Every structure is written in structure tokens, then in C-alpha cells.
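Observations on the three-dimensional arrangement
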Amino acid sequence: MENKKVILVVEDDTPLLNALKEKLSDAGFTVLGAKNGEDGLASALSGHPDLIVLDILMPKMDGLEMLKKMREDAWGKNVPVMILTNLSDDGSIAHQMTEETFDYIIKSDIKIEAVVEKVKAKLGV
Amino acid sequence: MTDALTLEKELKDQKDKMDAILSSMSEGLIAFNGDMKVTIMNQAASILLRVASQDAFGHDIHEVLRLYQSSTKVGEAESPVTKAMESGVFNVRIVDDYYMEDKNGKKIPISLSAAILLGKSAPEGLKGVVMFKDVTADKAVDRAKSEFVSLASHQLRTPLSAISWYTEMLLAGDAGALTEDQRKYLQEVYTGNQRMVDLVNALLNVSRLELGTFIIEPKPTDVLVMVKSVVGEMTSLITEKKITITESYAPDIPPFLADEKLLRMVFQNLLSNAVKYTGIGGRVTLTLGAYKGGGMFSNRQLLEDTLAFSVTDSGIGIPQYQQTKIFSKLFRADNAKESETEGTGLGLYIIKSIVDHSGGRIWFNSEETKGTSFYVTFPLSGMKKKEGTRALG
């Protein structure tokens, strides 16, 4: 049995979350979903996914807050994160970009296929 | 004797009239003489500056009217009065983000107009006039409007993303094979949605430009590489329309301090317009050069070392009667609307604003049915840096 890579998608908009889940599953990944930063953080820390696709504007805890909290964790500080949002960068985000938080993408500007390609490229599959 | 009395009365009448006009004006007005000393200050100016007019008389205009652009003090060398000395008139609009400092150090947003009186009509002891207006209320409205556009645009992007992704998935056959008609119709949905995405992005850029929150961050850039890459992106459309493209680039272009994203937007917009509004089999010519020690560029004398590029097409041209409006927001020329239904009327408005804010110049020559040339120049020292909170994109 192949050791499947696990992707966590944190996205509060159900249609977008479902689309991403479907596309990434079709590409052979195991996909976990969360609809806010709180659930996302819990899911990340318990499930230790190989990569996280993270929205910013979400209820309860937003994506940047979740990212900050997760980076405090020994495991969480190294997991690759792709920010996929419709919020234009306010400059503060670019500063936080690191090798681990490797991409900042506007959802309406990218094809879903390209999201999958970027995830694959980052994980080398 | 009587004549002298009549004359005196007439003079007094004239003066009273002028005083009445000056004191009933809602704009602040300050006049100064050839030594830049204040000679007249009306009531509105006194109230705005919190300075009695007699306390201002005889003081330097720059001392009385202390200006700030955003949070930076405007030095004498670049003050509107100094600039008006060069060109006759200088206007500061709301979007220029100017403030005047009153006696208590409070900064009040203003719009302003400085004019220099030239020639024989200028009375003795009167060199120029500055008029200004408190725009606090206008600014608040403007800001609310731009913030609304920005917020609405972010909210619009989510459903647009859903339409885009699901249409893409259907087109990819993720939900089963499509008939030819189904594919065609879905492609229309996708294209239409893409237009909406472009419109939202353009509106977001406009709101950032108008809010003044966008950043200009110049870094050393290989402009030639950038230009070639933009041309590369357009190749399929250029080939499709059988357009002959002539590229004439100087070999000696030094690394240029540019905000690459913004400069790219400027060039990309001009090239895509040229291709869009040029018919099948037409011509597009691109030039890029660095000019040192003056020289001429498109009939203009260059006063400093300059980076210059031009985009010339043999397209539909801009009608003479609409040429003055071509950089206006949401404006599209009649013949442009006719030849291409797509288009937001925001592209040239955005890039003009980028060029203006970054210390460059942009202008054009055009003749209807013959073609258009756009010219852009920047000081070779680079684009002007601008602090802000949001990148355009």
C-alpha cells in the first residue's frame, strides 16, 4: 500500500472546500478539511499533514492567527503552507513568507488545476 | 478738489468691494509679493490657519502655509508655489493627499491651487496667489467609497472563484464527458466569469490607487528581460492576429530601479491595448532605450537621463475629439467600444496613476484609423519609492 501524502485544506466556503478536496483526492492525496482556523489548528496538530492549504478570512480564528499558533509548535513550525485566499496582500503577509509558507495565491486568479500542480511540485510528487 | 474726493471714494469703493469678496469666500486665499512675502490673507485662510491676517503680513509664504504630503513635510523646493513659479499654475487635488498645518500643529487635508501672475497685468507688489480648501468631508466620502469598492470586491471574489473552479472542472471532464455544445456553452461561462474577475481586480487596483494605500517598492530590475517576457505572454494572440511585431531595444540598458510588478503592468497594458485594437495583419512596434545627457524622445526634449519606451500600433486610433479623456476612469473611446466589447475603461487610468505616482511621464500621439503611439519615460535614477500598505496586483 502506497504511503499517501496528506493535505489539510482550511477553507470556510463549502463549495470551494469541496472543489479542492475533490481535485486533490483525484490527484491521489488524502485530504482533510476544516472550516475555520480553530478546527484547522486542531486538525493540523493531531493529523500532522504533509502540506496545508490555508484561507485567511475565516470565522472563529483567521488563517494568519492559526498560522502563528501552529508555527509555535515543534512539528508545526516546519510544515509547508500555501496561503490561498481572496484577500490581497496587505504587505504584512509578504514579510511572513518563509520557505515553509511558500506561496500566496489569490483564489480567483488561479485555476484549480494549477493549485494541484503547485501542491504536487512542493511535495515532489 | 472734488475730483480728488471722487477718486478717493471710488478707490475706497473698489477696496471695500474686494474686501467683501475676499471675506465672503469659502476658500482660503493668500497673496504674496516678489519677495515671497504675504500681502493679502482673507478671513477663510485666517480661520483655517488660526493666524490673524496682520500676523501673517510680511512673512514668507512658505512659513505661513506649511504643507505636508501624506506625513512628509513639503520642502520649499517642491512646494506648489515653487512649482507654480515654473509652470504658472499648480494644482493639488484630494488624491494628492496634501495637508496644511495650523498654528496649533493640527494637520488639515486640503486641495489647493497656486497661480503666478505674469506679464504686464500683474499689479505692483503682487506676484502670486494661493487658494486652498479644507477637504476633510470630501476625503471621508472618497475614502468610504473606495473602502466599499475594496470590501465588495473581496466579497465578490469568493463566488467568482467557485464559478471559475467548477466550470473548469466540468470542462476538464471531471463530471463526465461533455457534448460539443455543452463544452462551447461552458467555455462562454468561463470566459464571462474571467471578465468579471478582471473587472474586480481592476476595481481593487483603482480603490487602492485612490485610497493611496498602494506601495511602490523599487528594486534593480532588468527592464529588457521584463519587456521580453511580457511580449512572450502575448505571442499567441499576436500570432493569431497575424500582427507583425518589431522590437527595437537599445543594447546598453543598465539595471533600472523599478517596482517590477507596476512597471510590468504599465507595459503589459500598453502592449495588450496595441494588439487588441490593431486589426488582422497590422503592425506593432516596441522601443526601449536609456538616454543619457539629454536627447529627444518622441519630439520631446529630455531634460535628464531617462529610461524611455514606446508602443506604436497601426490600429484603430483614438478619435481626436476624445483624446483628452483617454486617461479618465471608466472611459472608453467610441471606436474602441465598437471594435472590442470587452474592456473596463480602467487600464489606462490605472497605469497613468502608477506612472504619475512613481515620477514618470506618459503621453501619446494618435490618429483615428491610422494608429496610436504611447510613450513612457522615467528618470534613469529609477521609479520613486512610495510607502503604503497594499501592493497592487
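Before reading on, note that the structure itself is shown above.
The following refers to the structure shown. (Residues numbered from 1 in each chain as written. Chains lettered and ligands numbered in written order. Predicted model: local features only at pLDDT ≥ 70, side-chain atom pairs only at ≥ 80, totals over all residues. Heavy atoms only, no water.)

Take the overall build of chain A next. In terms of helices and strands, chain A carries five helices and five strands. The proportion of buried residues among the 125 residues of chain A is 49%. A separation of at least 24 residues holds for 58% of the contacts in chain A among residues at least 6 apart in sequence. Here chain A displays about 5,700 Å² of accessible surface, and carbon together with sulfur accounts for 49% of that area. (Helix = DSSP H or I, 4+ residues; strand = E, 2+ residues; numbered from the N terminus. Buried < 20%, exposed > 50% of the residue type's maximum accessible area, 1.4 Å probe, protein only. Contact = heavy atoms within 4.5 Å. Areas by Shrake-Rupley, 256 points an atom, 1.4 Å probe, with all protein chains shown as cover.)

Take the overall build of chain B next. Secondary structure assignment for chain B yields eleven helices and 17 strands. Considering chain B as a whole, with its 393 residues, one finds that 44% of them fall into the buried category. Put simply, of all contacts in chain B between residues at least 6 apart along the chain, 65% involve residues at least 24 apart. Taken as a whole, chain B presents about 20,900 Å² of accessible surface, with 55% of it coming from carbon and sulfur.

Scanning all chains against the criterion turns up 16 salt bridges over all chains. Note that Arg264(B) is salt-bridged to Glu233(B), the shortest N-O span being 2.5 Å. In this pair, Arg264(B) is assigned in helix α9 (residues 260-276) and Glu233(B) in helix α8 (residues 223-240), connecting sequence segments 31 residues apart. Lys352(B) serves as the salt-bridge partner of Asp356(B), at 2.9 Å between the closest nitrogen and oxygen. With Asp356(B) and Lys352(B) both in helix α11 (residues 347-357), this residue pair falls four residues apart, about one helical turn. Given the relative accessible area of 23%, Lys352(B) is considered partly exposed. Overlapping salt bridges, with partners in common, bring together Glu11(A), Asp55(A) and Lys107(A) in one network. (Salt bridge = Lys/Arg side-chain N within 4 Å of Asp/Glu carboxyl O.)

Attention now moves to the packing of aromatic side chains. All names here are of chain B. Considering all chains together, one arrives at nine aromatic pairs over all chains under this definition. When the centroid spacing of 5.6 Å and the interplanar angle of 55 degrees are considered together, the rings of Tyr291 and Phe297 count as tilted. Tyr291 sits in the partly exposed class, given a relative accessible area of 25%. Given the relative accessible area of 5%, Phe297 is considered buried. One aromatic cluster is present, built from ring pairs that chain together Tyr291, Phe297, Trp363 and Tyr375. The lysine or arginine in question, Arg300, covers the ring of Trp363, its NZ or CZ lying 4.0 Å from the ring centre. (Phe/Tyr/Trp six-rings, centres within 6.5 Å; stacked < 30°, edge-to-face > 60°. Lys NZ or Arg CZ within 6 Å of the ring centre and 35° of its normal.)

Further remarks concern the interface of chain B and chain A. The interface of chain B with chain A comprises 20 residues on the first partner and 23 residues on the second. For the pairing of chain B and chain A, the buried interface totals around 1,800 Å² over both sides, and the portion due to carbon and sulfur atoms is 55%. Among the residues chain B hides against chain A, the three largest losses belong to Arg157(B), Trp165(B) and Glu168(B). Together they make up 34% of the total. The closest approach of N and O atoms between Asp174(B) and Lys23(A), which form a salt bridge, is 2.6 Å. For the pair chain B and chain A, the interface holds eleven residue pairs in polar contact (both at pLDDT 80 or more). Contributing elements (two or more residues each) for the side of chain B that touches chain A: α6 (136-171) and α7 (180-211) of chain B. Considering every element that reaches the side of chain B that touches chain A, the biggest residue donor is α6(B), with nine residues. Class assignment for the residues of the side of chain B that touches chain A results in nine nonpolar, six polar and five charged. (Buried area = accessible area lost by both parts, 1.4 Å probe. Polar contact = N/O pair within 3.5 Å; in protein donor to acceptor, adjacent residues only side chain to side chain. Nonpolar A, V, L, I, M, F, W, Y, C, P; charged D, E, K, R; others polar.)

Residue and element names in this part refer to chain A. The contact between helix α2 (residues 37-47) and helix α3 (residues 63-71) brings their axes to 9 Å, and the two run at 30 degrees. One finds that α2 runs roughly parallel with respect to α3. Crossing geometry of α2 relative to α3 is assigned as right-handed. Here Gly37, Gly40, Leu41, Ala44 and Leu45 of α2 lie close against α3, whose contacting residues are Met66, Lys69 and Met70. Split by residue class, the contact of α2 with α3 holds five nonpolar, two polar and one charged. (Axes fitted to C-alpha atoms, helices over the stretch in contact; angles between N-to-C directions. Parallel < 35°, antiparallel > 145°, perpendicular 65-115°, else oblique. Left-handed = near helix turned anticlockwise from the far one by under 90°.)

Quick look at the sheet that holds strand β10 (residues 244-249) of chain B now. Sheet strands line up and pair through hydrogen bonds in the backbone, either parallel or antiparallel. All names here are of chain B. What the five strands build is an open sheet, ordered β10-β12-β15-β17-β16; its pairing is mixed. Whereas interior strands pair on both sides, the edge strands pair on one side only; in this sheet they are β10 and β16 (361-367). Each neighbouring strand pair of the sheet contributes to a mean axis angle of 10 degrees, computed without reference to strand direction. Examined bridge by bridge, strand β12 (residues 283-291) and strand β15 (residues 306-313) share eight bridges and lie antiparallel to one another. Residue pairing for β15: Gly289 is matched across the bridge by Ala308. Lying over the sheet, α8 contacts β10, β12 and β15, oriented at roughly 175 degrees with respect to β10. In this fold α11 packs onto β16 and β17 (371-379), with an angle of close to 140 degrees to the strand it touches most, β16. (Pairing = 2+ DSSP bridges.)

Residue and element names in this part refer to chain A. If you walk across this open sheet you meet the five strands as β2-β1-β3-β4-β5, and the pairing is parallel. In this open sheet, the two edge strands, each paired with only one partner strand, are β2 (30-34) and β5 (101-106). With strand direction ignored, the average angle separating the axes of adjacent strands in the sheet is 20 degrees. With three bridges joining them, strand β3 (residues 51-54) and strand β4 (residues 81-85) adopt parallel strand pairing. Residue pairing in the sheet places Leu54 in a bridge with Ile83 of β4. Strand contacts of α2: β1 (6-10), β2 and β3, with the helix running at about 165 degrees to β1, the strand carrying the most contacts.

These results come straight from atomic positions and should not be treated as a statement about function.
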